[in-house]
Amino acid sequence: MKKELIKGNIAIAEAAIAAGCQCFFGYPITPQNEIPEYMSLKMPQLGRTFVQSESEVSAINMVYGAAGSGARVMTSSSGPGMSLKQEGISFLAGAELPCVIVNVMRGGPGLGGIQPAQADYYQSVKGGGHGDYHLVVYAPSTVQEAVELTQKAFHTADKYRIPVVVLADGVLGQMMEPATITVPKEEPLPEKTWATTSIGNSSRKPNIANSLYLDPYKLEKHIQHLAKKFDVITENEIMVEYNDIENAEIVVVAYGTTARIVRSAMNTLKKEGINIGLVRPITLSPFPTDEINQACKNANSVLVVEMSLGQMIDDVKIAINGEKPVNFYGRQGGVIPKASDVVDEIKKLRGVI
Amino acid sequence: MEGKFIFAGFGGQGVLTAGQIVALAGMIEDKSVTWMPSYGPEMRGGAANCSVVVSTSLVGSPIVDVPDTVVVMNKPSLDIFENSVAKNGFLIYNESLISTKPTRTDITILPIPCNQIAKDLGNVKVANIVSLGAFLATTDTVTMDSLIAGLKDKFGESKKHLFDVNIEALNKGYEFAKSLI
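Per chain, residue numbering runs from 1 following the sequence as it is written. Chains and ligands are labelled sequentially in the order written, the chains with letters from A and the ligands with numbers from 1. Per-residue local features of the predicted model are confined to residues with pLDDT of at least 70, and side-chain atom pairs are confined, for both listing and counting, to 80 or more; whole-chain, interface and lining totals are unaffected and use all residues. Excluding hydrogens and water, the side-chain figures rest on all heavy atoms present in the structure.

A. A look at the overall build of chain B. The numbering of helices and of strands both runs from the N terminus, where a helix is a DSSP run of H or I of at least 4 residues and a strand a run of E of at least 2. Check the secondary structure of chain B and you find six helices and six strands. Its helices and strands taken in sequence order, chain B reads β-α-β-β-β-α-β-β-α-α-α-α from the N to the C terminus. Taking the principal axes of the C-alpha coordinates as reference, chain B spans close to 40 × 40 × 35 Å. Taken over 181 residues, chain B has a buried fraction of 59%. We call two residues in contact whenever any of their non-hydrogen atoms come within 4.5 Å of each other. A sequence separation of at least 24 residues applies to 57% of the contacts in chain B between residues at least 6 apart. For the area figures, the Shrake-Rupley method with a 1.4 Å probe applies, and any residue is considered shielded solely by the protein chains shown. Of the roughly 7500 Å² of accessible surface on chain B, 52% is carried by carbon and sulfur atoms. For the purpose of charge, His is not counted, nor are the chain termini; Lys and Arg are scored as positive and Asp and Glu as negative. For the purpose of locating charges, the reference atoms are NZ of Lys, CZ of Arg, CG of Asp and CD of Glu. Averaging the positions of the 15 positive and the 18 negative side-chain charges in chain B gives two centres separated by 4 Å. A 1.4 Å probe rolled over the protein chains alone gives each residue an accessible area, and that area as a share of the maximum for its type sets the label: buried under 20%, exposed over 50%, partly exposed in between.

B. The arrangement of the pattern of salt bridges in detail. Residues and elements named next belong to chain A. When a carboxyl oxygen of Asp or Glu is within 4 Å of a side-chain nitrogen of Lys or Arg, the pair counts as a salt bridge. This structure, assessed with the given rule, holds 21 salt bridges over all chains. Between Lys-229 and Glu-96 there is a salt bridge, with its nearest N and O atoms 2.7 Å apart. You can see Lys-229 sitting in helix H8 (residues 216-237) and its partner Glu-96 sitting in the loop between helix H4 (79-94) and strand S5 (99-105), a full 133 residues away along the chain. With respect to burial, Lys-229 and Glu-96 carry one shared label: buried.

C. Structural view of the pairing of strand S4 (residues 73-77) of chain A. Residues and elements named next belong to chain A. The element S4 is extensively covered by neighbouring structure, given that five of its five residues are classed as buried. Of the two faces of S4, both are covered, the one formed by Val-73, Thr-75 and Ser-77 as well as the one formed by Met-74 and Ser-76. As a crossover connection, the stretch from S4 through H4 into S5 is right-handed. Handedness rule for crossovers: strands pointing away from the viewer, path from the first strand over the helix to the second running clockwise, crossover right-handed.

D. Just the packing of aromatic side chains, in detail. Residues and elements named next belong to chain B. Planes of paired rings set the category: under 30 degrees apart is stacked, over 60 is edge-to-face and the rest tilted, where pairs are Phe, Tyr or Trp rings (Trp by its six-membered ring) whose centres lie within 6.5 Å. Counted according to the given criterion, the structure contains four aromatic pairs over all chains. Summarising the aromatic geometry, the rings of Phe-5 and Phe-135 are spaced 4.7 Å apart at their centres and angled 85° between planes, so their arrangement reads as edge-to-face. Residue Phe-5 is found in strand S1 (residues 2-10), and its partner Phe-135 is found in helix H4 (residues 127-136); the two are separated by 130 residues along the sequence. Relative accessible area serves as the criterion here: at 1%, Phe-5 is assigned to the buried category. One aromatic cluster is present, built from ring pairs that chain together Phe-5, Phe-7 and Phe-135.

E. Quick look at the domain arrangement of chain A. All names here are of chain A. How far each domain reaches was decided by an automatic or database domain assignment. Along its sequence, chain A is carved into domain 1 (3-197 + 224-237) and domain 2 (240-350). Put simply, the middle of domain 1 and the middle of domain 2, counted by C-alpha atoms, are 26 Å apart. With 32 residues of domain 1 at the interface, the matching set in domain 2 holds 26 residues. Using a 1.4 Å probe, buried area is obtained as the accessible area two parts lose upon being combined, added over both of them. Where domain 1 abuts domain 2, roughly 2300 Å² becomes buried across the two surfaces, and 51% of that area is made up of carbon and sulfur atoms. In terms of surface lost to domain 2, no three residues of domain 1 exceed Gln-118, Tyr-121 and Ser-141, which account for 31% of the buried area on that side.

F. Structural view of the interface of chain A and chain B. The interface of chain A with chain B comprises 23 residues on the first partner and 20 residues on the second. In total, about 1800 Å² of surface goes out of reach between chain A and chain B, with carbon and sulfur atoms giving 63% of it. Between chain A and chain B we count one salt bridge in total. Pairing of N or O atoms within 3.5 Å defines a polar contact, subject to two protein rules: one partner must be a possible hydrogen donor and the other a possible acceptor, and residues neighboring in sequence count only if both atoms are side-chain atoms. Counting the contacts that link chain A with chain B gives seven residue pairs in polar contact (both at pLDDT 80 or more). Elements represented by at least two residues in the side of chain A that touches chain B include exactly strand S1 (3-7), helix H7 (170-174), strand S8 (176-180) and helix H9 (256-271) of chain A. Three categories are distinguished: nonpolar for Ala, Val, Leu, Ile, Met, Phe, Trp, Tyr, Cys and Pro, charged for Asp, Glu, Lys and Arg, and polar for the others, with Gly belonging to the last. In terms of residue class, the side of chain A that touches chain B is built from eleven nonpolar, five polar and seven charged.

G. Structural view of the packing of helix H3 (residues 56-68) of chain A against H4 of chain A. Residues and elements named next belong to chain A. Helix axes use the C-alpha atoms of the stretch in contact, all axes being lines fitted to C-alpha atoms, and the angles between their N-to-C directions lie in the range 0 to 180 degrees. Packing of H3 against H4 brings their axes to within 8 Å, and their N-to-C directions diverge by 25°. With respect to H4, the axis of H3 lies roughly parallel. Viewed along their axes, H3 and H4 form a crossing whose handedness is right-handed. Across the interface between the two elements, Glu-56, Val-57, Ala-59, Ile-60, Val-63, Tyr-64 and Ala-67 of H3 pack against Gly-81, Leu-84, Lys-85, Gly-88, Ile-89, Phe-91 and Leu-92 of H4. Here the word oblique covers every angle except those under 35 degrees (roughly parallel), over 145 (roughly antiparallel) and from 65 to 115 (roughly perpendicular). Handedness of a helix crossing follows the sense of rotation of the near helix relative to the far helix, less than a right angle counterclockwise being left-handed and clockwise being right-handed.

H. Region of the structure containing the sheet that holds strand S14 (residues 326-330) of chain A. Residues and elements named next belong to chain A. Spatially, the five strands line up as an open sheet ordered S9-S11-S10-S13-S14, and their pairing is mixed. The sheet is open, and its two borders are formed by strand S9 (240-243) and S14, each paired with just one other strand. Strand after strand, the sheet turns through a mean of 20° between neighbouring axes, direction not considered. Any two strands between which DSSP finds at least two bridges are classified as paired. Of the strand pairs in this sheet, strand S10 (residues 250-253) and strand S11 (residues 276-281) are connected by four bridges, and their pairing is parallel. Looking at the pairing, Val-253 lines up with Val-279 of S11.

I. The confidence of the model for chain B, seen in detail. Looking at chain B as a whole, the pLDDT averages 95, with 97% of positions reaching at least 70. Among the prediction metrics, the complex's ipTM stands at 0.95, with pTM recorded as 0.97. Confidence of the predictor at the level of single residues is given by pLDDT, which spans 0 to 100.

J. Quick look at the sheet that holds strand S2 (residues 23-26) of chain A. All names here are of chain A. Strand order in the open sheet formed by seven strands is S3-S2-S4-S5-S7-S6-S12, with mixed pairing between adjacent strands. Whereas interior strands pair on both sides, the edge strands pair on one side only; in this sheet they are strand S3 (49-52) and strand S12 (283-285). Averaged over all neighbouring strand pairs, the angle between strand axes comes to 20°, with direction disregarded. Looking at chain direction, strand S6 (residues 136-138) and strand S7 (residues 163-169) are connected through three bridges and run parallel. Bridge pairing in S7 places Val-137 opposite Val-165.

The following block contains the structure:
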């Protein structure tokens, strides 16, 4: 496949198509509009399903229906639209239905704005819907990685019967970068024997996609089953990237677009002889708790940089477990931190300024 | 080596296209590139701009805060971006539409009559490509050959009949800027 200069949003859509996404349901919202726009053109051409629903609520329930019948299905949205989807996401998690949900984050709360932010970390990682459940959350940092993680998201969803979120932001959605749309080679997946397909002439009972357990003991058993499954995911699926952590006096933890900004800051600091490390969680859920602790072992302190008031920092603090100071720098509301701001912040932490 | 650039103007002046051609040229040279447009209320009928980074190593932030070269095609963009240009950097402005002179003294200022040159070439729509030629005179990050290749890639076979006038626009812009430096 040829490398092309491609927008993050379109790359996500193309990646999904290459991964065999059979159905897309969505409703327009900036800054992710290129995803449904592209899907509206391509999916019908391929004989697959595209529906622009009347709202995000119906889109996520269409996802429930398609996933329940065993189809590979995706939806995408941003901020306010993601909030509307949360009830459906909880139901999908409860019914163990695999699907991919893309959130190209913008500033909130409320209608907020349309500029890039990372303020939906809690919503995706901690569960924006009700009940005891976890999602898998991937956080790409480049357009190529958005391609790979979108495709991986479908696989992980099918492998574990779990909704998977691809958590991007307005920068990644709107920017262009060279990328190759690969056709993923996937490990064999379990057959979807649970799908609510026609029983035809077989003697099996009809399958039901359900999240209702009125008997508390049965519900408890179900929740513990979900928890055990997530333990397996935590064991096997954590992804994290390390940059220059050896000899780093300060290790920065950042994900997505912010990690790129931190890398620019690190380059400036390196020229001045200041060694800074970067740990970039690629899975935000499951969170690389032990990995971050290990990566920060030799550092004097840790700095978390986010485009929010500080949400991931809670998980970093758990990872560091009080062993050293965990500081925070962030901008909010769609303001993108400058690399020079991160440089200043790190110098402040070193007591230079 | 890393070059950071901003192309700005109003919607329809082709500043996003000009930036994309630079990113394509960098990609053709196997460099790491990013192109990031402004998006939001300002792009609906108002100002448009894009940040482009071309680098021999992996691009970190795709947001350009201190550009090496800024190309402004209209007055509001000049007002916004003049102060952002890196010290010893370049400011290219479209003299055909901007009558106010920039005031910075620590940068190289290149007034280019982009619309006039394009008109003289018989197609005012190539004013953005004239500015792109001028831009090339300010940087070594991409070559003329790859800009032309990027331009052809961007416009595609369906606009093949416009290749010649665009390449001419590139050359004219380049020569005009070179004569000022």
